[in-house]
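This is what each chain is made of:
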Amino acid sequence: MKIGIMTFHWATNHGAVIQAYALQKFLEESIEEAEVKIIDYYPSRYEKGYKSVFRSLNPSAIKKNYKEYRKEKLIKPFREKMPMTNHFTDTEELKSYANDFDIVICGSDQIWNEFFTLHGEGKVTTAYYLSFCPKSKKIAYAASFGFDSMNDEIQKIITPLLIEFNAISVRENSAKEILSKIGIQSEKVCDPTFLLNKEHYVSLSNFRVKDDFIAKYILRKQTSKSNNLIESIIDIMHCNKIIDIEMMTVENWLGAIKEAHYCITNSFHCTVFSIIFHTPFYVIAENGKRSGMNDRLITLLDDLQLTNRIINSPSDIKNSEDINWAVVDNKLNEIVKASKCFIYKNCFLG
């Protein structure tokens, strides 16, 4: 059996790379004689070579792009360990390779992001809705929209494509509601990173620091209010060593979360690995235009009774209780079990 995975494996983001790795590894280990590959698709505009630093001559853009370039060099070696197909840059190219797969799985991460759907290839882009593989079995696993409502333009584009899926699962409550409103049934499952056990990630991790430290992983430019809140959290924690873990290899990043005394983050996957490693954590929620990104975090934390880890003011820290990891693990195990059942039922038995 040949299985292809369509996901954001190419994103310069630790979580995006590890979730792709986790789904590929789980599928490979779950069925004998299965050949599972990441479909190496991304439009040329998302290339992360040195030339990409100067796509814009705006000084602030160059600075941002250079940081992205440096980060990509740190993450790339881990990505290259994953079995991949030939590289494709557009949906038309994918069509020539589609018949090689018995099953194509799209997910997880924000593959159904509105911006990419409308502009990914400089035009409407339906690759992550598997428009290129009409003869393959189509499965969505833990797919995410990255927004909490759908406009009419997107709905007209994707509804006919979603109807063609054999099974659909999503990662957050809002995605399930969006699909329900357009008559598409779906199941809610866990992120692929939870499909592998803690010991697997411990074997990958590589980071050692003698003293207690707080791991800080804050993505995207923050408002002054958010930055002040982060500083307040650090002050309250009374820890002299703060380590920003953004510019790290994947192995060091995992190890830093595992070894940290606390994690402070606005990242979904940093939160995921704090839970996996039983590292106490605090989450800074997004606000304004990016608030639609919060539902994946809220869904996860609500399911595990951990919403008190979302901090809106310094007083929230003083009122938060220690995490009962036994309760968290029991709830998580049930979610993971149901998620694996979705895969077994729809990929292997259906």
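Residues numbered from 1 in each chain as written. Predicted model: local features only at pLDDT ≥ 70, side-chain atom pairs only at ≥ 80, totals over all residues. Heavy atoms only, no water.

## Thoughts on the packing of helix H10 (residues 268-277) against helix H11 (residues 295-303)
Angle between the axes and distance between the axes: these two values describe a pair of packed helices.
Step number 1: Contact pair H10 / H11: the axes reach a minimum separation of 10 Å and the direction vectors enclose 20°. Taken together, H10 and H11 sit at an angle that is classed as roughly parallel. Where H10 crosses over H11, the handedness of that crossing is left-handed. Facing Phe268, Thr271, Val272 and Ile275 of H10, the residues of H11 in contact are Arg296, Leu297, Leu300 and Leu301. (Axes fitted to C-alpha atoms, helices over the stretch in contact; angles between N-to-C directions. Helix = DSSP H or I, 4+ residues; strand = E, 2+ residues; numbered from the N terminus. Parallel < 35°, antiparallel > 145°, perpendicular 65-115°, else oblique. Left-handed = near helix turned anticlockwise from the far one by under 90°. Contact = heavy atoms within 4.5 Å.)

## Details of the sheet that holds strand S10 (residues 262-265)
Step number 1: Pairing is parallel across the open sheet formed by four strands, whose spatial order is S9-S8-S10-S11. Bordering the open sheet on either side are strand S9 (242-244) and strand S11 (281-283), each of which pairs with just one other strand. The sheet shows a mean angle of 20° between the axes of neighbouring strands, direction not considered.
Step number 2: Pairing between strand S8 (residues 214-217) and S9: three bridges, direction parallel. Bridging across to S9, Ala215 finds its partner in Ile243. (Pairing = 2+ DSSP bridges.)

## Let's talk about unusual backbone geometry
Step number 1: A cis amide bond links Gly107 with the next residue in sequence, Ser108, at an omega value of -5°.
Step number 2: With respect to the element layout, Ser108 can be found in the loop between strand S4 (103-106) and helix H4 (114-119).
Step number 3: Even without glycine at this site, Asp109 takes up a positive phi of about 75°.
Step number 4: With respect to the element layout, Asp109 can be found in the loop between S4 and H4.
Step number 5: At His278, a position not held by glycine, the phi torsion is positive, near 60°.
Step number 6: Its place among the elements puts His278 in the loop between H10 and S11.

## Brief notes about the sheet that holds strand S5 (residues 137-143)
Step number 1: Reading across the sheet, the seven strands line up as S3-S2-S1-S4-S5-S6-S7 and stay open at both edges, with parallel pairing between neighbours. The sheet is open, and its two borders are formed by strand S3 (84-88) and strand S7 (187-188), each paired with just one other strand.

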